[in-house]
Amino acid sequence: MSRWLPTAALSVTAALAGCGGSGDKSATVTVERTTVENVAPSTSKASAALPTGARFDAHAVYARDAPGVVTIISLYGTGDAIRGRGAEGSGFVLNDTGEIATNAHVVTTGDGAALHKVDQVFVRFPDRNQVEAKIVGYDPNEDVALLKIDPAGLTLRPLELGSSSAVAIGSSVAAIGSPFGEEGSLSVGVISALNRTLESLTKFSIGGAIQTDAAINHGNSGGPLVDAQGKVLGINSQINSTSGDNSGVGFAIPIDGVKRSLAELRAKGRVEYAYLGVSSASLYPQLARKLGLTVDHGAIVATVVGGGPADKAGLTAGKDEVRFQGQSVPRDSDIIVAVNGHPVRLEDDLGRILGNYDPGQNVKLDVFRGKQRRTVTVRLGRRPGSS
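Presented here is a report on the structure given in the accompanying data block. (Residues numbered from 1 in each chain as written. Predicted model: local features only at pLDDT ≥ 70, side-chain atom pairs only at ≥ 80, totals over all residues. Heavy atoms only, no water.)

### Notes on the overall build of the chain
- When its secondary structure is counted, the chain shows five helices and 27 strands.
- Residue burial in the chain is summarised as follows: out of 387 residues, 50% are buried.
- Taking contacts inside the chain between residues at least 6 apart in sequence as the whole, the part at least 24 apart equals 61%.
- Total accessible area on the chain is roughly 16800 Å²; 48% of this is exposed by carbon and sulfur atoms. (Helix = DSSP H or I, 4+ residues; strand = E, 2+ residues; numbered from the N terminus. Buried < 20%, exposed > 50% of the residue type's maximum accessible area, 1.4 Å probe, protein only. Contact = heavy atoms within 4.5 Å. Areas by Shrake-Rupley, 256 points an atom, 1.4 Å probe, with all protein chains shown as cover.)

### Here we look at the side chain of Arg-124
- Secondary-structure assignment places Arg-124 in strand β9 (residues 120-124).
- Look at Arg-124 and you get buried, because its relative accessible area is 10%.
- Looking at Arg-124, its side chain comes within polar contact range of the side chain of Gln-130, at 2.8 Å. (Polar contact = N/O pair within 3.5 Å; in protein donor to acceptor, adjacent residues only side chain to side chain.)

### Observations regarding unusual backbone geometry
- Residues other than glycine seldom take positive phi values, yet Arg-128 does so here, at roughly 85 degrees.
- Position of Arg-128 among the secondary structure elements: in the loop between β9 and β10 (130-139).
- With a relative accessible area of 68%, Arg-128 lands in the exposed category.
- One non-glycine residue, Phe-180, lies in the positive phi region at around 55 degrees.

### Remarks on the nonpolar core
- Of all hydrophobic cores here, the largest spans 29 residues; its most connected members are Phe-92, Val-258 and Leu-262.
- Contributing elements (two or more residues each) for this core: α1 (58-65), β11 (144-148), β12 (172-177), β13 (185-199), β14 (205-212), β16 (232-240), β17 (250-254) and α2 (255-268).
- Among the elements that line this core, the one with the most residues is α2, at four residues.
- By size, the runner-up hydrophobic cluster in this structure holds 22 residues, among which are Ile-72, Tyr-76, Val-118 and Leu-147. (Core = buried A, V, L, I, M, F, W, Y, C linked by side-chain atoms within 4.5 Å.)

### Structural notes on the pairing of strand β21 (residues 320-324)
- Looking at chain direction, β21 and strand β22 (residues 327-331) are connected through five bridges and run antiparallel. Residue pairing in the sheet places Asp-320 in a bridge with Arg-331 of β22.
- Where β21 folds back onto β22 in an antiparallel hairpin, the turn is made up of two residues, including Gln-325, whose phi is positive at roughly 50 degrees. (Pairing = 2+ DSSP bridges.)

### Quick notes on the packing of aromatic side chains
- Scanning all chains against the criterion turns up two aromatic pairs.
- Residues Phe-204 and Tyr-275 carry aromatic rings whose centres are separated by 6.3 Å and whose planes lie at 80 degrees to one another, so their mutual orientation is edge-to-face. Of this pair, Phe-204 sits in the loop between β13 and β14 while Tyr-275 is found in strand β18 (residues 274-275), placing the two residues 71 residues apart along the sequence.
- A relative accessible area of 26% places Phe-204 in the partly exposed class.
- Its end group placed over the ring of Tyr-273, Arg-260 keeps NZ or CZ at 4.5 Å from the ring centre. (Phe/Tyr/Trp six-rings, centres within 6.5 Å; stacked < 30°, edge-to-face > 60°. Lys NZ or Arg CZ within 6 Å of the ring centre and 35° of its normal.)

Scope: geometric values only; no functional claims are made or implied.
This is the structure in structure tokens:
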């Protein structure tokens with residue numbers, strides 16, 4: 001089970017793992033069993049580019065990127081009415097104008113329809129400056145938030161954004177952040193899997209997540225996962241753990257999706273997502289044979305939201321179910337095999353592909369009903385819970 005990384009100070013259910021701690025402590029960097037105390041990273045605006053293709057140099061990555069990684073402190077209430085600390089996580093500098101990226105769950109409280117931003121947010125830099133930040137907006141569907149500070153008098157070190165579309169399993173990566181309040185901490189590892197599916201703050205799926213064995217703990221939320229060149233591949237967000245602490249399976253929101261969120265938050269303070277109005281199950285060859293289908297891939301329509309876009313377009317879910325390999329699967333459901341020509345094969349393909357479209361756009365779905373293939377045009381709606 002993947003778990004969010006909110007802070008221990010935040011009231012959460014037992015199913016969630018806490019994220020963060022408190023205290024302003026000297027940085028501790030652990031690399032390959034060697035601990036370096038009180039590392040003082042450079043605070044210059046520009047750093048020399050790391051050589052492409054060179055061996056993974058954790059020290060060089062840290063020297064380049066650590067000055068741009070910040071601690072995020074969220075509070076409820078203002079002035080003498082502060083009711084308590086909401087969250088303490090991580091973030092990173094995007095540009096010289098004072099924009100900061102972090103996770104939405106670091107600067108919000110509640111969930112679902114009751115989700116709302118905290119009252120105050122402060123950003124603490126490695127050079128000990130601490131300033132108040134404005135929440136420009138947050139995207140609960142991608143777990144991304146954009147903050148803005150006044151850069152006057154500060155030395156900012158923006159991190160370079162990479163691309164998550166070309167990352168490879170086995171590539172070396174580093175996570176920088178404030179686990180348990182230990183600011184400026186570095187952990188290293190590899191990309192251990194790709195295309196994982198996470199649950200968002202709105203309970204919709206986040207597709208294409210990056211899995212890593214670099215240690216991620218409470219307080220790493222919102223911090224960067226970077227490659228050997230120091231480029232950001234994703235925002236550290238969740239862990240898979242039975243104890244609530246790192247067990248070698250952490251997840252980062254892919255930076256390509258983050259870029260889209262940041263652009264829309266910057267432009268209009270919110271992000272809208274397209275909505276089809278179905279839940280689905282993945283079709284695989286053995287299941288296809290059990291159901292007597294002529295296609296062995298696609299998304300089995302399990303439920304259709306009444307009055308939603310799929311319902312209006314005539315998509316249907318089977319009323320009867322069959323038990324197969326320990327699961328109940330609807331029989332005689334529509335099978336979505338492609339969206340605008342893009343094949344639906346993997347479990348999260350349908351949501352991932354639809355994420356490229358906006359509410360109000362028309363898409364053509366290739367659908368099998370029994371042994372007959374047809375094309376259905378659907379006008380996409382606006383996903384509930386879009387910020």
